[in-house]
Amino acid sequence: MANIAFCYKELGKHTEAIQLEIEVLNLQKKILGNEHPDTLWSMANLATSWKILGKHADAEQLEIEVLDLRRRILGNEHPDTLQSMANLAISLKNLGKHKDAEELEIIVLELRKRILGNEHRDTLRSMANLVVLYTNLSKYTQAEQLGNEVLDLRKRILGNEHRDTLQSMCNLAISYTNLGKHIDAEQLEIEVVNLQKRTLGKEHPATLQCMTNLAISYMNLDKYTHAEQLQIEVLNLQKSILGSKHPNTLQSMANLAISLKNLGKHIDAEQLETEVLDLRKRILGDEHHSTLQSMSNLAVSFANLGKLTNAEQLGIEVLNLNKRILGNEHHDTLQSMANLTVFYIKLGKFTDAEQLGIEVLDLKKRILGDEHPDTLRSMANLAICFKNQYKHTDAEQLEIEVLDLQKRILGNEHHDTLRSMANLIISYTNLGKHTDAAQLRMELLNLWKRHHGNEQPDKHQTVDNFITPNANNEICETENIANRVTLKYKDCILDVIKSAKVVMKSLILRKHDKNVINSNNQNFSDMVISPFLFHILK
């Protein structure tokens, strides 16, 4: 019966799998007892199924129960006990408790190093999981360093073509992406995909996952046609292998919608996202994490198409669901608040935008810390609210603080840093600080020349209102120049648009989707979808 449940999982029939797993667990408790090793393994398997269906709180409770039993029966240092600790760390991550997950995973790693040794497969797995947690906490440099370490160990111990080695290569490529090293990410992902096709086959799930990540790298490098072609290939393979309703197939449909937006096919993207949302509601339920992400994506698509009232309504609905299901302090809840802030800005509800922007900023400072990239993005959005209410000095002060932090933490060429430079140019101009604006503009132009030589920015590529969600599904808005500055500064602002904003369009990591939006509409707003990057957690 347990094996049949496993087959159901592989086929994406998670509801049937859970029903059978509950039946197996009840029988084992009756026949073998609550503390038998097989009973504990069935409890652990059921917790995994709860995770797949997005019931992370149920999974956490069950895993805590399994961990307590294993500690009492097997001891704190038994391999099965350590595995339960590792599983619980994943549930904590899924619930947005990233710091708690990190602390627990570090304990597991230290115990495994001492008990099993530095080169044991489970030790390497803990290192790989910690890489993912560092990424979730935006500790990108630490993720890259540890990712390189675990990759070198796996290559030496397991070989270059072992599945775990390939997974570490895939995760390291994600670290490169997060650090803005998109060419390095693309090259590594091409290598991984070729190796996986040869060793695992073109239709293996791991191969399809890395093909998806490669498509995102293509988007980061503005290779949108390549990205669309690869995503269509992945989607067709998943439909034939897994079926049209499998969660991985639905995620590929959501990712394809991003490429459609990047190519200006906004109506097609909206239709595809609507289809994904309907399927996820029917298959996974209205309150599943992936369903909520689809709602968030569709809300941003509405905004891209100028359906601002629809965007606001759906944004409020998603926020209320996230608060009830995940809690007020969960990362997705904070992202929904940040997105709704931008919708308010677009609708001219600047007082509502400022109030919500201050609330989400205070939460992020307390939960994520003052220097977390998401905190800095919320500071940037709040500065936009100040500008829309003609609080230009307040906006300038906040943007200077953001830019200084981003340069120190993310680097001068990170997409968020570049976005902040463009915003600050506008604030300087609004305040008549033309010398400061010119100096910052020259800094952006030097970046342009370094990447494009003497090629001149095309004035037809400019946009009046630049909105981009970041890789974590959160939108950041750049000042709507055309409507917010006096006629006195018009020529200067148009020049800034021509140079600074086109530099940003060319250099910024702006086309991503794990679950939100993107558009290339030159006359309205450029919204992006956060990328679905496959981090490997075991």
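1. A look at the overall build of the protein
Move 1: Along the protein, the regular secondary structure elements total 24 helices and two strands.
Move 2: Within the protein, buried positions represent 59% of all 538 residues.
Move 3: By sequence separation, contacts in the protein at least 24 residues apart represent 60% of the contacts at least 6 residues apart.
Move 4: For the protein, the exposed area adds up to about 21600 Å²; of that, 49% sits on carbon and sulfur atoms.

2. Observations regarding the side chain of Arg-419
Move 1: The residue Arg-419 is located in helix α21 (residues 415-430) in this model.
Move 2: Overall, the relative accessible area of 4% leaves Arg-419 in the buried class.
Move 3: Of the polar contacts made by the side chain of Arg-419, one reaches the side chain of Asp-416; its length is 2.7 Å.

3. Details of helix α18 (residues 350-367)
Move 1: With 18 residues, α18 should reach 26 Å at 1.5 Å per residue; the first-to-last C-alpha distance of 25 Å fits that figure.
Move 2: Every buried residue of α18 is listed here: Phe-350, Ala-353, Glu-354, Leu-356, Gly-357, Val-360, Leu-361, Leu-363, Lys-364 and Ile-367.
Move 3: Gly-369 sits one or two residues past α18 and shows a positive phi near 105 degrees.

4. Regarding the packing of aromatic side chains
Move 1: The tally for this structure, following the rule as stated, stands at zero aromatic pairs.
Move 2: Over the ring of Trp-41 we find Arg-70, and its NZ or CZ is 4.4 Å from the ring centre.

5. Observations concerning a nonpolar patch on the surface
Move 1: Side chains of Leu-27, Ile-31 and Leu-32 sit close together on the surface and give an oily, nonpolar patch of about 280 Å² of accessible area.
Move 2: Topologically, Leu-32 is positioned in the loop between α2 (14-31) and α3 (37-52).

6. Quick look at unusual backbone geometry
Move 1: Unusually for a residue other than glycine, Tyr-390 sits at a positive phi of about 65 degrees.
Move 2: Counting through the fold element by element, Tyr-390 comes out in the loop between α19 (373-388) and α20 (392-409).
Move 3: For Tyr-390, a relative accessible area of 60% puts it in the exposed group.

7. Observations regarding helix α15 (residues 289-304)
Move 1: Over its 16 residues, α15 extends 23 Å from the first C-alpha to the last, a length consistent with the 22 Å expected when each residue adds 1.5 Å.
Move 2: One or two residues past the end of α15 sits Gly-306, with phi positive at roughly 80 degrees.

8. Digging into the side chain of Thr-333
Move 1: Here Thr-333 lies in helix α17 (residues 331-346).
Move 2: Residue classification places Thr-333 among the buried positions, given a relative accessible area of 0%.
Move 3: Once residues within four sequence positions are removed from consideration, Thr-333 is found in contact with Leu-319, Asn-322, Lys-323, Leu-326, Gly-327 and Asn-328.

9. What about the nonpolar core?
Move 1: Met-295, Met-337 and Phe-343 are the most contacted members of the largest nonpolar core, which totals 39 residues.
Move 2: Those elements giving two or more residues to this core turn out to be α15, α16 (308-326), α17, α18, α19 and α20.
Move 3: Sequence-distant contacts of Met-295, that is, excluding residues within four places in its chain, are made with Leu-277, Leu-314, Glu-317, Val-318 and Leu-321.
Move 4: Core analysis: the second largest hydrophobic core is formed by 26 residues, Tyr-176, Met-211, Met-219 and Leu-230 among them.

10. Topic: the pattern of salt bridges
Move 1: This structure, assessed with the given rule, holds 25 salt bridges.
Move 2: A salt bridge links Arg-72 to Glu-35, with the shortest nitrogen-to-oxygen separation between them at 2.5 Å. Placement of Arg-72 in helix α4 (residues 56-74) and of Glu-35 in the loop between α2 and α3 is noted, with a sequence separation of 37 residues between them.
Move 3: On the basis of relative accessible area, Arg-72 is assigned to the exposed category, the value being 55%.

11. Observations concerning the packing of helix α7 (residues 121-136) against helix α9 (residues 163-178)
The description of two helices packed together rests on the angle between their axes and the distance between the axes.
Move 1: For the pair α7 and α9, the least separation of the axes is 11 Å and the interaxial angle reads 20 degrees. By the angle class used here, α7 and α9 are roughly parallel. Classified by chirality, the crossing of α9 by α7 is left-handed. On α9, the residues that touch Arg-121, Arg-125, Val-131, Val-132 and Thr-135 of α7 are Asp-164, Asn-171, Ser-175 and Asn-178.
Move 2: Broken down by class, the residue content of the contact of α7 with α9 amounts to two nonpolar, four polar and three charged.

So, how was this worked out
- Residues numbered from 1 in each chain as written.
- Predicted model: local features only at pLDDT ≥ 70, side-chain atom pairs only at ≥ 80, totals over all residues.
- Heavy atoms only, no water.
- Helix = DSSP H or I, 4+ residues; strand = E, 2+ residues; numbered from the N terminus.
- Buried < 20%, exposed > 50% of the residue type's maximum accessible area, 1.4 Å probe, protein only.
- Contact = heavy atoms within 4.5 Å.
- Areas by Shrake-Rupley, 256 points an atom, 1.4 Å probe, with all protein chains shown as cover.
- Polar contact = N/O pair within 3.5 Å; in protein donor to acceptor, adjacent residues only side chain to side chain.
- Expected span 1.5 Å × (residues − 1).
- Phe/Tyr/Trp six-rings, centres within 6.5 Å; stacked < 30°, edge-to-face > 60°.
- Lys NZ or Arg CZ within 6 Å of the ring centre and 35° of its normal.
- Patch = residues over 30% accessible without salt bridge, like charges linked within 9 Å, V, L, I, M, F, W, Y side chains within 5 Å.
- Salt bridge = Lys/Arg side-chain N within 4 Å of Asp/Glu carboxyl O.
- Core = buried A, V, L, I, M, F, W, Y, C linked by side-chain atoms within 4.5 Å.
- Axes fitted to C-alpha atoms, helices over the stretch in contact; angles between N-to-C directions.
- Parallel < 35°, antiparallel > 145°, perpendicular 65-115°, else oblique.
- Left-handed = near helix turned anticlockwise from the far one by under 90°.
- Nonpolar A, V, L, I, M, F, W, Y, C, P; charged D, E, K, R; others polar.

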